[in-house]
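# Results of the structural survey
What follows is the residue order along each chain.
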Amino acid sequence: MKQISSSQNAYIKSLVQLQEKAKRRKETGTFLIEGLREIELALAGGYVMETILFDPNILDKRDIEHEISADTEWIEISSEVYQKLAYRDTTEGILALAHAKSLQLSDLQLGPNPLILVAEAPEKPGNIGAILRTADAANVDAVLIANPKNDVYNPNTIRSSVGTVFTNQIATGSSAEIIAYLKANQIDIYSAILQESEPYYTQDYTKPTALVVGTEATGLTQDWREAATQNIHIPMQGVIDSMNVSVAAAILIFEAKRQRGF
């Protein structure tokens, strides 16, 4: 088994770049996963692991060896190297170099009555992660990210999603592309905006439905206002007129699930 003890090793430096630079992740089609739970969720989600790196002072290789393909390379790393690569303060001493999946709309596999969440231009990885956790909890059919500002394999997104980035069916595209996809598949669009809208709980989400949320700062673009089957809003009783996008998404998703009998 290969061993790496120096954090100045060229391969380790390339992995650090992969952690820090979205451009590098896009160029290589790979990304790093940190943590035993996250790696297990990625494996269950069909992700292919190229390399497993582990610190034997923290992890017993036998804890996960049986779950890993025989084609996967194992590298034993020192604690110094692990600390160089680890994004979190306390993890289980394991990282994986994984191959990214295609996030094309054409790759989506939907049933006859899908419930979809669309998030337009979410900027904060923490919000994306929270949205993905909610989508997983509600078992929505897909999460579509329109006009993405970050890639879904950003380490902060993986961390904040607690691995649900691997359990959700995800696709990305421009707002125009996603609107065209939804309309072509006869999926009703409910855009969460204040203007010309109805309270969210007055609508019927039991048919093929896409719930669309925008950023807290600017909301949804005009494209979504015009494309909507119905614009909807969450009534607010306080002083401000907006809430965290992940909270808004959760309210809408679970109302749709309630109507569908969960």
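Anything mentioned here points back to the structure above.
Notes on the structure follow. (Residues numbered from 1 in each chain as written. Predicted model: local features only at pLDDT ≥ 70, side-chain atom pairs only at ≥ 80, totals over all residues. Heavy atoms only, no water.)

### Regarding the side chain of glutamate 38
By the element assignment, glutamate 38 lies in helix α3 (residues 36-44). Given a relative accessible area of 2%, glutamate 38 falls into the buried group. (Helix = DSSP H or I, 4+ residues; strand = E, 2+ residues; numbered from the N terminus. Buried < 20%, exposed > 50% of the residue type's maximum accessible area, 1.4 Å probe, protein only.)

### Examining unusual backbone geometry
Positioned with a positive phi, valine 162 is a non-glycine residue whose angle comes to about 45 degrees. With relative accessibility at 22%, the residue valine 162 sits in the partly exposed group.

### As for the packing of helix α5 (residues 125-138) against helix α9 (residues 245-259)
Running from amino to carboxyl end, α5 crosses α9 at an angle of 15 degrees, the nearest separation of the two axes being 9 Å. Here α9 runs roughly parallel to α5, going by the angle between their axes. Crossing geometry of α5 relative to α9 is assigned as right-handed. The residues of α9 that touch α5, namely those facing Asn127, Ala130, Ile131, Thr134, Ala137 and Ala138, are Val245, Ser246, Ala249, Ala250, Ile253, Phe254 and Lys257. (Axes fitted to C-alpha atoms, helices over the stretch in contact; angles between N-to-C directions. Parallel < 35°, antiparallel > 145°, perpendicular 65-115°, else oblique. Left-handed = near helix turned anticlockwise from the far one by under 90°. Contact = heavy atoms within 4.5 Å.)

### Some remarks on the sheet that holds strand β8 (residues 170-173)
One open sheet holds the seven strands; their spatial order is β8-β7-β6-β11-β9-β12-β10, and the pairing between them is parallel. Sheet topology places β8 and β10 (198-199) at the edges, where each strand pairs with a single neighbour. Here strand β9 (residues 188-192) pairs with strand β11 (residues 209-213) via four bridges, running parallel. The residue bridging isoleucine 189 from the neighbouring strand is alanine 210, located in β11. (Pairing = 2+ DSSP bridges.)

### With respect to the pattern of salt bridges
This model, assessed by the stated rule, comprises seven salt bridges. Measuring nitrogen to oxygen at the nearest pair gives 3.5 Å for the salt bridge that ties arginine 24 to glutamate 27. Note that arginine 24 and glutamate 27 are positioned in helix α2 (residues 22-28) at a spacing of three residues, about one turn of the helix. Judged by relative accessible area, which is 30%, arginine 24 ranks as partly exposed. Close ionic contact of arginine 25 with aspartate 151 constitutes a salt bridge, the shortest N to O distance being 2.7 Å. Taken together, the residues span a long stretch of sequence, with arginine 25 in helix α2 and aspartate 151 in the loop between β7 (142-146) and α6 (155-160) at a distance of 126 residues. (Salt bridge = Lys/Arg side-chain N within 4 Å of Asp/Glu carboxyl O.)

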